[in-house]
Amino acid sequence: PDKRLSHKEVEQRRREKAKQYFDELRALLPFGSDSAKFDKNAILHHSIILLKQLMQELAQEEAASTVKPQPEQAGLADFRCCFDVSRQPMCFAGLDSRLSDANSAFCTLSGYSRMEVTGISLLNSTAPADSEMATQQWQLLLAPGSKQTSTSYRCRFVRKDGQQLMCNVDLNLILRQSKPHSFLVSVNPCL
């Protein structure tokens, strides 16, 4: 009693199973009632497209999840962008008043290029008549036990071309681990 199926019966079962698979694929396609009109080739075509899209989305999600910027890095990048494009003349200075960086607005005001401005002493760029008062303002923030982290003063700022501009200077002490680290300085020409 060998119950082998005939070739015709095997082919009939294969076609039924294939139809079942195509119906399942058709139901998964996001085309609503329109997918009922698709023939087998259209179902395969749209299924392949859908699978490729899903694989691409998964790859993008995986890439995004593995390259998470550190919150500090994102914050620093955001700050750097704002610093660079700000129309407010600003610069970073060390505790000795030497500039470590400046935005383009500050460079325009001072007449120096970004490369030239690095290392220039902001106190040395103050007119001699205002130099002592400006130095006192910087020292006020650096005094031992001082709780003050910002101050403002008015002085004549000397540009690269020697021209003197009366400016309001906002001096902000940056602390790292509760110790003086550097200054963020904004300079506004008086009108």
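Since this is a predicted model, take the numbers as computed values, not measurements.

## Some remarks on empty space enclosed by the protein
(1) Moving on: What the rule picks out here adds up to two cavities of 30 Å³ or more.
(2) Moving on: In this structure, the largest cavity encloses a volume near 50 Å³.
(3) Moving on: Taken together, Leu 122, Leu 123, Thr 126, Trp 138, Tyr 153, Cys 155, Phe 157, Val 169, Val 185 and Val 187 form the lining of the largest cavity.
(4) Moving on: Listed by contribution, the elements that provide at least two residues to the lining of the largest cavity are β3 (150-158) and β5 (179-189).
(5) Moving on: The greatest single-element share of the lining of the largest cavity, amounting to three residues, is contributed by β3.
(6) Moving on: Across the lining of the largest cavity, the residue classes break down as nine nonpolar, one polar and no charged.
(7) Moving on: Taken as a whole, the second largest cavity encloses approximately 30 Å³ of empty space.
(8) Moving on: As for the second largest cavity, its lining consists of Leu 99, Phe 106, Ser 110, Tyr 112, Val 117, Ile 120, Leu 122, Ser 125 and Phe 157.

## Some remarks on the sheet that holds strand β4 (residues 164-176)
(1) Moving on: Spatially, the five strands line up as an open sheet ordered β2-β1-β5-β4-β3, and their pairing is antiparallel. Of all strands in the sheet, those bounded by a partner on one side alone are β2 (99-102) and β3. Within the sheet, the average angular offset between the axes of one strand and its neighbour, ignoring direction, is 30°.
(2) Moving on: Pairing analysis gives nine bridges linking β3 to β4, with the strands arranged antiparallel. Each residue of the ladder has a partner; that of Cys 155, found in β4, is Cys 167.
(3) Moving on: Sheet strands in contact with helix α6 (residues 128-142) are β1 (90-93), β3, β4 and β5, and its direction is about 155° off that of β3.

## Details of α6
(1) Moving on: Its 15 residues give α6 an end-to-end C-alpha distance of 22 Å, which sits within 8% of 21 Å, the value for a rise of 1.5 Å per residue.
(2) Moving on: Among all positions of α6, only Asp 130, Ala 134, Gln 137, Trp 138 and Leu 141 are buried. All buried residues of α6 lie within an arc of 95° about the axis, which places them on one face of the element. For α6, exposure combined with an orientation more than 90 degrees from the buried face picks out Pro 128 and Glu 132.
(3) Moving on: Against the buried residues of α6 lie β1, β3, β4 and β5.

Analysis parameters
- Residues numbered from 1 in each chain as written.
- Predicted model: local features only at pLDDT ≥ 70, side-chain atom pairs only at ≥ 80, totals over all residues.
- Heavy atoms only, no water.
- 1 Å grid on protein atoms, 1.4 Å probe; cavity = no way out; pocket = protein on both sides within 12 Å on 5 of 7 lines; lining within 4 Å.
- Points joined across faces, edges and corners; volume = space filled by probe spheres on them.
- Helix = DSSP H or I, 4+ residues; strand = E, 2+ residues; numbered from the N terminus.
- Nonpolar A, V, L, I, M, F, W, Y, C, P; charged D, E, K, R; others polar.
- Pairing = 2+ DSSP bridges.
- Axes fitted to C-alpha atoms, helices over the stretch in contact; angles between N-to-C directions.
- Contact = heavy atoms within 4.5 Å.
- Expected span 1.5 Å × (residues − 1).
- Buried < 20%, exposed > 50% of the residue type's maximum accessible area, 1.4 Å probe, protein only.
- Arc of directions from axis to C-beta.

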